[in-house]
Each structure stands twice: as structure tokens, then as C-alpha cells.
Amino acid sequence: MKKFILLCLIFPCLFVSANELTEDYMDIATNYCTYGKYNDAMSYINRILQLEPDNSEVKELKNTLLRVMNPNIESYLTSTNSNLNQAFSLKKAGNRTGQIEILSRQNDFWSNYFLAEYYRNNNDYQNAIKYYQNSIGLKPNYSQSYLGLGKTYIEAKDYLKAIDTLTKYLSYNKNSDIAYALRAEANMNMNYIIEAEEDIKKALDIEENISYLLIEAKILYFKGAYDDARQKLNLLSRNVQTSEVFKYLGMCDYAQNDYKNALLNFNKAIILSDEDKQLISTYNNLKSMLDNNR
């Protein structure tokens, strides 16, 4: 919750400076704040003040950040908005229905944003999209709305809209690894392989995250670089034994007619998760084919 205080101040683009270095520092600080890395953000705020000690906006931002980092201070939003305060009290009490009813009666930015987050987390993508769009209409420069909307479009498999929305988010946050990774996934699903490769490389250059490495391996599979994809998936499987890792290992094997290993990897994937009906069908067909050829 505290994250929203700082983001509300930063993302409307209040900071203006002729110094390109301080602008870069502000971009980095903003990105750190997006993910709750306030200590890292503070180090860049201090660097700006070393260059521009009389910058009143940055001084105010530093004071706000210090307040956000103090766990004993009540949230600014809930302390100044009685409806939000009541909604979050109901949330803490486990009364989600009451929380949603209160937020739905409002037409302010934060109520729409929190409703969008609630519906996305509960896989109600239609309502999530509606409330993210409402929040963007009320505060177009709050970039987190674009990130949430982009995630929702991916989850709803509307990849073209996801690409456009994440591109908008990246116009505010050019160093966002998660946005590049998400856009890489959307591009991959649209079979825009060159664009997907470019995006996942940017994400990995910023942070070598395991989930990004999996996306990279999947892109290599869809590119037809099965040996490279398998090599990366084998490395991942040593530390991340998920259904998706073994599924794509099996798909690499299957594409290269290594049906025995494909069957073994598909079996591991299904043991870890039996929700992929298409994979189960492929496994059964492959097993039947191998049984008949004995």
C-alpha cells in the first residue's frame, strides 16, 4: 500500500530538469520505487540532490520517501480518503464483498485502480480491463495502470493489445525488465520472433531472472532452435522443476523425433500439473504410437 504514495507523486512526471544525468537518476529511482526497492531509490534521489542541492521537488520527494519507508506511519491515501480507509478495513477483516461494494460506488482514480487489481488477481479479466481503462482515463500519466492492463491482456490472450499497452508503459519506464519480458512473451505468442528476442535480451540485460530465462528458452523453441532451447531448459531444470520446463523439453524432443525422451518429459510435466489438456492429449497419442510400434 505504501508504494502507491510515492508512485502517485513520481509518475505524473512532476520532475523537470535540464540536466540529463539527473533525469536518468530520476528514471532509475522511479523504477526502483515501482518494485518497492526504496533504499535503492533513495540512493539515486541523494545523487540528484548532490548535483542539484536546491531542487525543492526532489527534497519533497525525499521527505515523502522517508515517510513511506517508516512502517509506523499510516498510509497517506487511507488517512486522507475515508472511503478507501473503510474499504481497506473491510479487506483486513476478510469482508471482500463489502470492500468491492464501497470501491464500486466511487469514481475516483484509486478506487478504479484497486478494483482493477482485485479483478485481475481473481482472473476476472473483463472487469479488470474495464477498471484499468477507467483509471487511465482519470490519470493518464500513472504508468502502473498500463503495466497492470498489459498483464491482464496477456492473461486474457489478447496479445496485440498487450504489446501496445506495454509499449506505452515502457515510454514512462525505459528500464523496466518486467515490461520487456512481458512484451517478449506477447510478441512470442504473436509469432513476432525477432521482436520477442530483442525484448527478452533487454530484460535479461537488466536482470537475469529465472522466469525471463524460461521465456528466452520458449522463444528459441518457437524459433526452431531446438538444441539451444533444450540446452537452456536443461540448465533451468536443475533448479526449477516446473511443469512448463519439462513440457518444453518434451516439445523440443518431439520436434526432433526423439519420441522416447519426449514421452518421459511430457510425463514429468503432467505429474507436476495436469491442467494442460492439449499436453495430455499429445502425451496419450505419443504413448499409443510408441506402444503400437513395439
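As the structure is a prediction and not an experimental result, all values here were calculated from the model. (Residues numbered from 1 in each chain as written. Predicted model: local features only at pLDDT ≥ 70, side-chain atom pairs only at ≥ 80, totals over all residues. Heavy atoms only, no water.)

Draft legend 1. How the structure looks around the environment of Asp-253. You can see Asp-253 is positioned in helix 16 (residues 243-255). Taking the relative accessible area as the measure of exposure, Asp-253 reaches 4% and is therefore buried. Separated by twelve residues in sequence, Asp-253 and Asn-265 have C-alpha atoms that sit 8.6 Å apart. Not counting chain neighbours up to four residues away, the residues in contact with Asp-253 comprise Arg-230, Asp-258, Asn-261, Ala-262 and Asn-265. (Helix = DSSP H or I, 4+ residues; strand = E, 2+ residues; numbered from the N terminus. Buried < 20%, exposed > 50% of the residue type's maximum accessible area, 1.4 Å probe, protein only. Contact = heavy atoms within 4.5 Å.)

Draft legend 2. Broad picture of helix 8 (residues 109-121). With 13 residues, helix 8 extends 18 Å from end C-alpha to end C-alpha; this agrees with the ideal 18 Å at 1.5 Å per step. With eleven of 13 residues buried, helix 8 is to be regarded as a mostly interior element. Within helix 8 the residues assigned to the buried category are Phe-109, Trp-110, Ser-111, Asn-112, Tyr-113, Phe-114, Leu-115, Ala-116, Glu-117, Tyr-119 and Arg-120. Where helix 8 starts, the residue carrying a side-chain oxygen 3.2 Å from the main-chain nitrogen of Trp-110 turns out to be Asp-108. (Expected span 1.5 Å × (residues − 1). Polar contact = N/O pair within 3.5 Å; in protein donor to acceptor, adjacent residues only side chain to side chain.)

Draft legend 3. The packing of helix 9 (residues 125-138) against helix 10 (residues 144-155), seen in detail. Closest axis-to-axis distance for the helix 9/helix 10 pair is 9 Å, and the angle between their directions is 155°. What the angle tells us is that helix 9 and helix 10 run roughly antiparallel. Of the two elements, helix 9 crosses helix 10, and the hand of that crossing is left-handed. Here helix 9 contributes Tyr-125, Ala-128, Ile-129, Tyr-132, Gln-133, Ser-135 and Ile-136 to the contact with helix 10, which in turn contributes Ser-145, Tyr-146, Gly-148, Leu-149, Thr-152, Tyr-153 and Glu-155. (Axes fitted to C-alpha atoms, helices over the stretch in contact; angles between N-to-C directions. Parallel < 35°, antiparallel > 145°, perpendicular 65-115°, else oblique. Left-handed = near helix turned anticlockwise from the far one by under 90°.)

Draft legend 4. Spotlight on the nonpolar core. One finds Tyr-113, Ile-154, Ile-200 and Ile-219 to be the most contacted residues of the largest nonpolar core, which totals 42 residues. Listed by contribution, the elements that provide at least two residues to this core are helix 7 (96-104), helix 8, helix 9, helix 10, helix 11 (159-172), helix 12 (177-189), helix 13 (193-206) and helix 14 (210-223). Ranked by size, the runner-up nonpolar core spans 23 residues in total, among them Leu-220, Leu-249, Leu-263 and Ala-269. (Core = buried A, V, L, I, M, F, W, Y, C linked by side-chain atoms within 4.5 Å.)

Draft legend 5. Representation of the packing of helix 12 against helix 14. Viewed as axis vectors pointing N to C, helix 12 and helix 14 meet at an angle of 25°, and their least axial separation amounts to 10 Å. It follows that helix 12 is roughly parallel to helix 14 by the angle criterion. Crossing of helix 12 over helix 14 shows left-handed handedness. Here helix 12 contributes Asp-177, Ile-178, Ala-181, Ala-184, Glu-185 and Met-188 to the contact with helix 14, which in turn contributes Tyr-212, Ile-215, Lys-218, Ile-219 and Phe-222. Of the residues belonging to the contact of helix 12 with helix 14, the class tally is eight nonpolar, no polar and three charged. (Nonpolar A, V, L, I, M, F, W, Y, C, P; charged D, E, K, R; others polar.)

Draft legend 6. Representation of unusual backbone geometry in the model. Positive phi outside glycine occurs at Asn-123, with the angle close to 60°. Looking at where Asn-123 falls in the secondary structure, it is placed in the loop between helix 8 and helix 9. Here the phi dihedral of Lys-157 falls at roughly 65°; this positive angle occurs in a residue that is not glycine. Within the secondary structure layout, Lys-157 lies in the loop between helix 10 and helix 11. A residue is classified by how much of its surface remains accessible, and Lys-157, at 61% relative accessible area, is exposed.

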